[in-house]
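What follows is each chain in one-letter form.
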Amino acid sequence: MPTPELISPRSPRVTAARRLARRAFRSKERLFIAEGPQAVREAVAHRGPGGEPTLVELFTTVEAAERYADIVDAARAAGARVHYASDAVLAEVSQTVTPQGLVGVCRFLDSPFEEILAARPKLVAVLAHVRDPGNAGTVLRCADAAGADAVVLTDASVDLYNPKSVRASVGSHFHLPVAVGVPVEEAVRGLREAGVRVLAADGAGQDDLDDELDAGTMGGPTAWIFGNEAWGLPEETRALADAVVRVPIHGKAESLNLATAAAVCLYASARAQRAGSAR
């Protein structure tokens, strides 16, 4: 049984990893933290544009290395540096209250917006003014589950690599192209020029999602703009869209939270597109 090689939280390797909790250091190093077996497994399998491995370093306790031997072996085979660490060290580099014993250091993986457009996407989620990292990660996960082709985070939204966002996506960061820092006007213009219909999701929208589905208008390439958790989309952003669509509330609930509304909208588009392609 191996023994921990990293036992001091003040080790240079530990200090470097711990700094990635701060956005300035993530941006400088172009590295971020992925925690837990699911996220690390996906990071091991992911490759950058030139085929370079996304996972560059893995911190693991001895117990976790035995429990997830397949992940640790795959990380080592992919060229990642594997460090056996004490529980105290894992607690330092982890961003969770109860670490799961695996913490990966990964290269940035966002895609240029131009590449997303060149791929002629059929379903895109645009996060405009989304400030809560947990919500951003959950919407990314919803987009992944619905089969979206890409996600766009505007320059007014939270950092894609915020640890809470990475945890909330549960590995979906590694599954689909994500562009970051795109001004919302540029995002809408580019998507429209690529033949994508742009819909703004807003609880006060004039158009009803059910009516859109009944009218058969959602079978083509579609991008959904999702806004801030508390105050939705500003008027100038709604004005950019081809339509402002609300999810109907058939019961007595006041509203839906951002992630739930995003899931409903994205799955509605995905189903309409599948139905259209089957005809």
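What counts and what doesn't
Positions within a chain are numbered from 1, following the residues in the order the chain's sequence is written. Whole-chain, interface and lining totals are the exception, using all residues; otherwise, since this is a predicted model, local features are given only for residues with pLDDT of at least 70 and side-chain atom pairs are given and counted only at 80 or more. The basis for the side-chain values is all heavy atoms of the structure; hydrogens and waters are excluded. Working definition: helices are DSSP H or I runs of at least four residues, strands are E runs of at least two. Numbering for both runs from the N terminus. We call a residue buried when its accessible area falls under 20% of the maximum for its residue type, exposed when it is over 50%, and partly exposed in between, using a 1.4 Å probe and counting protein chains only. The contact criterion used is simple: two residues touch if any of their non-hydrogen atoms lie within 4.5 Å. Note on areas: Shrake-Rupley, 1.4 Å probe, and residue coverage restricted to the protein chains presented here. None of His or the chain ends enter the tally, which takes Lys and Arg as positive and Asp and Glu as negative. The location of each charge is read from NZ of Lys, CZ of Arg, CG of Asp or CD of Glu. Salt bridges are defined by distance alone: a side-chain nitrogen of Lys or Arg within 4 Å of a carboxyl oxygen of Asp or Glu. Within a predicted model, pLDDT stands for the predictor's per-residue confidence, ranging from 0 to 100. A pair of strands is labelled paired if DSSP reports no fewer than 2 bridges between them. Axes, fitted as lines to C-alpha atoms, cover a helix only where it is in contact. Angles between the N-to-C directions of the axes lie from 0 to 180 degrees. Residues belong to one nonpolar core when they are buried, are Ala, Val, Leu, Ile, Met, Phe, Trp, Tyr or Cys, and are joined through side-chain atoms within 4.5 Å.

*Asks:* Could you give me a rundown of the overall build of the chain, with the residues and numbers involved?
*Replies:* Looking only at helices and strands, the chain has 13 helices and eleven strands in total. Along the first, second and third principal axes, the C-alpha set of the chain runs to 65 × 35 × 35 Å. Out of the 279 residues in the chain, the part that is buried amounts to 52%. In the chain, of all internal contacts separated by at least 6 residues, the share reaching a separation of at least 24 is 82%. With the model as given, the accessible surface of the chain reaches about 13,100 Å², and the carbon-plus-sulfur share is 49%. Computing the positive centroid from 30 side-chain charges and the negative centroid from 35, the chain places the two 4 Å apart.

*Asks:* Quick rundown of the pattern of salt bridges? Include the residues and the values.
*Replies:* Under the defined criterion, the tally for this structure stands at 14 salt bridges. Between Glu92 and Arg18 there is a salt bridge, with its nearest N and O atoms 3.0 Å apart. Residue Glu92 is located in helix α6 (residues 87-93), and its partner Arg18 is located in helix α1 (residues 12-18); the two are separated by 74 residues in the primary sequence. Of the residues examined, Glu92 reaches a relative accessible area of 31% and is grouped as partly exposed. One salt bridge in this structure joins Arg67 and Glu63, with 2.8 Å as the shortest N-O distance.

*Asks:* Explain the confidence of the model for the chain to me, and be specific about the residues and the numbers.
*Replies:* Across the chain, the average pLDDT comes to 91, with 95% of residues at 70 or higher. Ranking the elements of the chain by mean pLDDT puts α6 last, at 86, and strand β5 (residues 123-127) first, at 97.

*Asks:* Lay out the environment of Leu117 in plain terms, naming residues and giving numbers.
*Replies:* Position of Leu117 among the secondary structure elements: in helix α7 (residues 113-118). Leu117 sits 121 residues away from Arg238 along the chain, and the two C-alpha atoms are 21 Å apart. Excluding residues that lie within four positions of it along the chain, Leu117 makes contacts with Gly190, Leu191 and Ala194.

*Asks:* Outline the sheet that holds strand β1 (residues 31-35), supporting the account with residue identities and numerical values.
*Replies:* Reading across the sheet, the four strands line up as β1-β4-β2-β3 and stay open at both edges, with mixed pairing between neighbours. Each edge of the open sheet is held by one strand with a lone partner, namely β1 and β3 (81-84). Each neighbouring strand pair of the sheet contributes to a mean axis angle of 20°, computed without reference to strand direction. As judged from the four bridges shared by strand β2 (residues 55-60) and β3, these two strands associate in the parallel manner. In the sheet register, Glu57 faces β3, and the bridge partner there is Arg81. Relative to the sheet, helix α3 (residues 36-45) contacts β1, β2 and β4 (102-107), its axis offset from that of β1 by approximately 130°.

*Asks:* Can you explain the nonpolar core? Please cite residues and give values.
*Replies:* Judged by nonpolar contacts, the single largest core of 59 residues is most densely connected at Phe32, Val151, Trp224, Phe226 and Leu266. When residues of this core are assigned to their parent elements, the largest contribution, eight residues, is made by helix α13 (residues 258-278). Residues contacting Val151, with those up to four places away along its chain left out, are Ile116, Ala125, Leu127, Leu140, Ala143, Leu176, Pro177, Val178 and Ala179. Membership of the second largest hydrophobic core comes to 23 residues, among which are Phe113, Ile116, Ala128 and Val198.

*Asks:* Lay out the sheet that holds strand β8 (residues 197-201) in plain terms, naming residues and giving numbers.
*Replies:* With parallel pairing, the seven strands of this open sheet are ordered in space as β7-β6-β5-β10-β8-β11-β9. Of all strands in the sheet, those bounded by a partner on one side alone are β7 (178-182) and β9 (207-208). By the bridge criterion, three bridges tie β8 to strand β11 (residues 243-246) in an arrangement that is parallel. Within β11, the residue paired with Ala200 across the bridge is Val244. The strands touched by helix α8 (residues 133-146) within the sheet are β5, β6 (150-154), β7 and β10 (222-226), with β5 carrying the most contacts at an inclination of about 175°.

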